[in-house]
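# Close look at the chain arrangement
Listed below are the residues making up each chain.
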Amino acid sequence: FTDARNNRGIAYTALQQYELAEVDYLAVLRDTTYPHRSEVHFNLGMTHFQRGQYSAAEENLVRAIEGTTPVFDAFLRLAEIASQTGAVDEGLEYLHRARDLFPQRAEAALALGRLLVQVGRADEAREALQDVTRIAPGTAMAEEARRGRPDEDPPPVAAAEGGS
């Protein structure tokens with residue numbers, strides 16, 4: 001029954017029926033024996049995130065990364081919330097933790113590289129973006145990482161044709 005409530009919450013979330021989803025997720029969390037609590041906290045956090053309720057989202061997303069089965073995507077959302085609220089160092093820490101716990105997930109390295117470029121830390125960004133191309137060669141993420149490397153020259157600009 002608990003799995004069904006979680007799944008119904010996911011369906012409600014997909015339909016943007018966030019209040020109904022929240023009711024189901026909270027019911028699931030009342031079952032203290034449910035083994036996938038981290039995932040439910042992630043789902044509940046995302047309902048708040050999608051409504052712009054970042055404090056409530058953060059509270060649940062933090063719960064999603066605690067314990068023995070952290071949810072990878074929760075690290076990315078927490079980093080996004082942190083950087084949006086000006087807590088860049090906290091966002092970077094979430095992304096570093098995601099890379100440490102999930103070394104084969106290129107998304108963490110890409111998000112880390114993007115944020116480091118944004119805050120002007122080119123040397124660190126270069127390393128993270130190189131990891132993306134190593135972990136996921138030939139993917140759109142790897143291509144974005146290659147384009148986003150701070151050490152690459154920008155593409156040449158074609159001269160305008162015509163005269164005065």
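Residues numbered from 1 in each chain as written. Predicted model: local features only at pLDDT ≥ 70, side-chain atom pairs only at ≥ 80, totals over all residues. Heavy atoms only, no water.

## Some thoughts on the confidence of the model for the protein chain
Mean pLDDT over the protein chain works out to 89, with 90% of the residues at or above the 70 mark. Residue range residues 151-164 is modelled with pLDDT below 50. Its contacts to residues more than four positions away, or to other chains, number three contacts. (pLDDT = per-residue confidence, 0-100. Contact = heavy atoms within 4.5 Å.)

## Observations concerning the packing of aromatic side chains
Scanning the entire structure with this criterion turns up three aromatic pairs. Taken together, a centroid distance of 5.2 Å and an interplanar angle of 75 degrees make the contact between phenylalanine 72 and phenylalanine 102 edge-to-face. Pair noted here: phenylalanine 72 is in helix α5 (residues 72-84) and phenylalanine 102 is in the loop between α6 (88-101) and α7 (106-118), with a separation of 30 residues, a long-range link. Judged by its relative accessible area of 5%, phenylalanine 72 falls in the buried class. Plain terms: the ring middles of phenylalanine 75 and phenylalanine 102 are 6.3 Å apart, the flat faces sit at 65 degrees to each other, and that makes the pair edge-to-face. Within this pair, whereas phenylalanine 75 is found in helix α5, its partner phenylalanine 102 is found in the loop between α6 and α7, the two being separated by 27 residues in sequence. On the basis of relative accessibility, which here comes to 0%, the residue phenylalanine 75 falls in the buried class. (Phe/Tyr/Trp six-rings, centres within 6.5 Å; stacked < 30°, edge-to-face > 60°. Helix = DSSP H or I, 4+ residues; strand = E, 2+ residues; numbered from the N terminus. Buried < 20%, exposed > 50% of the residue type's maximum accessible area, 1.4 Å probe, protein only.)

## With respect to the packing of helix α4 (residues 54-65) against α6
Angle between the axes and distance between the axes: these two values describe a pair of packed helices. Here α4 crosses α6 at 30 degrees, and the two axes come no closer than 13 Å. Of the possible angle classes, the one that applies to α4 and α6 is roughly parallel. For the pair α4 and α6, the sense of crossing is left-handed. Where α4 abuts α6, its residues Glu58, Val62 and Ile65 lie against Glu90, Tyr94 and Arg97. By residue class, the composition of the contact of α4 with α6 is three nonpolar, no polar and three charged. (Axes fitted to C-alpha atoms, helices over the stretch in contact; angles between N-to-C directions. Parallel < 35°, antiparallel > 145°, perpendicular 65-115°, else oblique. Left-handed = near helix turned anticlockwise from the far one by under 90°. Nonpolar A, V, L, I, M, F, W, Y, C, P; charged D, E, K, R; others polar.)

## Let's talk about the pattern of salt bridges
Under the defined criterion, the tally for this structure stands at 15 salt bridges. The salt bridge involving arginine 99 is made with aspartate 131; its shortest N-O contact spans 2.1 Å. Taken together, the positions of arginine 99 in helix α6 and aspartate 131 in helix α8 (residues 122-135) put the pair 32 residues apart, joining distant regions of the chain. There is no split in this pair, since arginine 99 and aspartate 131 are both buried. A salt bridge links glutamate 143 to arginine 147, with the shortest nitrogen-to-oxygen separation between them at 3.8 Å. (Salt bridge = Lys/Arg side-chain N within 4 Å of Asp/Glu carboxyl O.)

## With respect to the nonpolar core
Ranked by size, the top nonpolar core spans 26 residues in total, and within it Phe42, Leu61, Ile65, Ala74, Tyr94, Leu95 and Leu112 carry the most contacts. Within the residue set of this core, elements represented by two or more residues are α3 (37-50), α4, α5, α6, α7 and α8. For this core, the element with the highest residue contribution is α5, accounting for seven residues. When neighbours within four sequence positions are excluded, leucine 112 is seen to be in contact with Leu92, Leu95, His96, Arg99 and Ala128. In terms of nonpolar packing, the next biggest core, distinct from the first, is built from eight residues, Ala106, Leu129, Val132 and Ala145 among them. (Core = buried A, V, L, I, M, F, W, Y, C linked by side-chain atoms within 4.5 Å.)

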